[in-house]
Amino acid sequence: MNYGFFRAAAATLKLKVADPDFNKQEIKKAIDEAVQNKARLLVTPELSVTGYTCADLFFSSALLSGAENALGEIAEYTAGKNIAVLVGVPVKYMNSLYNCAAVIVNGTVAGLVPKIHIANYNEFYEKRWFASGADFKTPQNIEICSQKTKIGSMLFDLGGGAVLGAELCEDLWVPEPPSGSLAVKGANIIANLSASDEYASKAQYRKELVSNQSARCVCGYVYAGASVFESTTDLLFGGALFVVENGSVLAQGERFLRNTNIVYADIDIDKLSALRVKNMSFENGGAAEIVNAQVENDYNDLKFRFVDAHPFVPENDDKRRERCREIFSIQAGALSKRLEHVGSSGVVVGISGGLDSTLALLVSARAMSLLGKSNADILGVTMPGFGTTGRTYNNAVQLMKYLGVTIKEIDIKEACSLHMRDIEHDPDIHDITYENTQARERTQVLFDLANKHGKLLVGTGDLSELAMGWCTYNGDHMSMYGVNASVPKTLVRYLVEYVASVSDKDTSAVLYDILDTPVSPELLPPDENGNIAQKTEENIGPYELHDFFLYNFVRFGFAKEKLVRLAQKAFEDKYSKDVIAHWAEVFMKRFFISQFKRSCVPDSPKVGSVSLSPRGDWRMPSDASFSAFLK
């Protein structure tokens, strides 16, 4: 299967200026390499058949006829090859010369797309040779290489949902690039045949321009720049190459190489489609002429696709630290606003010694600082139960001491035992009733303390727990404001780690020990050595897998089969396919049956691109069937 992916390649070529015969051979070599790597689209630079820097030689009939002959041979060479190829070629039509992208598929020139915005400033003098493609209000019939085709603005259906649009160099640099119009008319891959010369500082701007346009158009963008083999009379071209998807650079070529260079990437057409459907500002832009230029795309091995195993967590240390700083600021800013609005004297936080409650406490401390309040206005409550271990208890108490919060300890074992006696539950039966009795008792204590002291109860549950339903309904599921509700479990630990890195020595030591503690609700008795017996990930599976499924299912709507395939790629050295498939099924079932918990969660700030708030990003019936999603 291809799982919705489409492999694209961008090439910068070794060429000779004004030598179509030499250049066609280099283009053929590039086609061979691209076909060998199973690319379904190959984009070459602007005027790649002749070279961009031919200047007044473009007026020569010898060069133009040579270019046409070379184009014909290149087209013939693609016959029987499963690839669409774009080459740059000058085309004479009526009384004008046009700088065109020729789209070639299976031996035919499927269409010619002329450059619209003709650069004519500083080092560029293109209006001396070329007319604007804006001359064509609609595509016109033309005969080239003894073939009948069309010239003008059009889209190309490559099959499998991939729709190609083309623009040339300067088209991208204007206020309203043609790619914007092409995208709203249906193009999800834009090819740019370019000849952008080099000078200091231009490379980064060019990269950002390509990246931003792909994000603005929600498309794949394949950019191929002219190489160092162009004329150096006044300029040097570096051979910039990019394949970008919705703002993310999938592949980038090294500049200034003295040989043909090709970069490859697998563009996710399904992902782009999902993003467009969800973005109601991305409206249909009217009709466009669509040319059938299909290639077979029945398989993709994801060889040229990086799949991020931890999509919520930036891999780069600096970016991750900046992300954590930003999210922590959002959490604290949101909580301080709510406290200010309700006129609360402070907050109540239940502190277990685990990651989630630790983060909630740290956020609360920051909110107190923003409001000019003392940490003593935080009532930190530790509530030992049947499963509490010495390690988590001591960490909870020590952290509260170092932060200077008001500490209250309430042992809930007696109250829970009394409640189990009242409901006639055998305390030796360690089932869901036994566990939830403790969770709800803790929540009742916290709510009542908040009422008594005129404070706001801050929730500790995170996004991953909401997704999996790993929270007790009307227990830890409930609060007066949930600061962690859109923070996934895989990111919680990095947020705590970030605060640890900027804390004093004693506080930092406690935080790092909390980071090393196994994730557990501690609702079942410890083992014979007093260690945590109930480990969450042994019950519901690895959080890193579930966060991976969560991100890709909620954000892009991927089917279970694709989730499993992507996870195989992302975790290929860690989990087998069978293990991944098993936990994917667990995720899907738990996600569906737990919606009723998410339908009534307290207010909470959105901090990332995925949120499950019923008032914001995710609306879902609580009784939806999951059977179709498991197939």
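A brief structural summary. Keep in mind the model is a prediction, meaning the values are calculated, not measured.

1. What about the nonpolar core?
Phase 1 of the analysis: Counting residues in each nonpolar core, the largest one holds 143 residues, and the members touching the most others are Leu41, Phe549 and Phe591.
Phase 2 of the analysis: If we ignore the near neighbours within four places in the chain, the residues touching phenylalanine 591 are Ala467, Leu550, Phe553, Val554, Arg598, Leu612, Trp618 and Met620.
Phase 3 of the analysis: One finds Ala34, Ala102, Leu112 and Ala131 within the second-largest nonpolar core, a separate group that totals 35 residues.

2. Quick look at the packing of helix 16 (residues 543-556) against helix 18 (residues 577-593)
Helix packing for two helices is described by the angle between their axes and how far apart those axes are.
Phase 1 of the analysis: Closest axis-to-axis distance for the helix 16/helix 18 pair is 10 Å, and the angle between their directions is 60 degrees. Between helix 16 and helix 18, the interaxial angle falls into the category oblique. Considering the relative orientation of helix 16 and helix 18, their crossing is right-handed. Contact with helix 16, carried on its side by Leu545, His546, Phe549, Leu550, Phe553 and Val554, involves Ile580, Trp583, Ala584, Val586, Phe587, Met588, Phe591 and Phe592 of helix 18 and no other residues of that element.
Phase 2 of the analysis: Tallied by class, the residues present in the contact of helix 16 with helix 18 amount to 13 nonpolar, one polar and no charged.

3. What about the sheet that holds strand 16 (residues 347-350)?
Phase 1 of the analysis: As summarised here, the arrangement of the five strands in space is 18-17-16-19-20, forming an open sheet in which the pairing is parallel. This sheet does not close on itself; its edge strands, each paired only once, are strand 18 (406-409) and strand 20 (481-482).
Phase 2 of the analysis: The pairing of strand 16 with strand 19 (residues 456-459) spans two bridges and is classified as parallel. The residue bridging valine 347 from the neighbouring strand is leucine 456, located in strand 19.

4. Here's the deal with unusual backbone geometry
Phase 1 of the analysis: Notably, leucine 47 is not glycine yet its phi reads approximately 50 degrees, a positive angle.
Phase 2 of the analysis: Backbone geometry places methionine 94, a non-glycine residue, at a positive phi of 55 degrees.
Phase 3 of the analysis: Tracing the backbone through its elements, the reader meets methionine 94 in the loop between strand 3 (84-93) and strand 4 (96-105).
Phase 4 of the analysis: By relative accessible area, which is 63% here, methionine 94 ends up exposed.

Rules behind the numbers
- Residues numbered from 1 in each chain as written.
- Predicted model: local features only at pLDDT ≥ 70, side-chain atom pairs only at ≥ 80, totals over all residues.
- Heavy atoms only, no water.
- Core = buried A, V, L, I, M, F, W, Y, C linked by side-chain atoms within 4.5 Å.
- Buried < 20%, exposed > 50% of the residue type's maximum accessible area, 1.4 Å probe, protein only.
- Contact = heavy atoms within 4.5 Å.
- Axes fitted to C-alpha atoms, helices over the stretch in contact; angles between N-to-C directions.
- Helix = DSSP H or I, 4+ residues; strand = E, 2+ residues; numbered from the N terminus.
- Parallel < 35°, antiparallel > 145°, perpendicular 65-115°, else oblique.
- Left-handed = near helix turned anticlockwise from the far one by under 90°.
- Nonpolar A, V, L, I, M, F, W, Y, C, P; charged D, E, K, R; others polar.
- Pairing = 2+ DSSP bridges.

Purely spatial values, then, with no claim about function.
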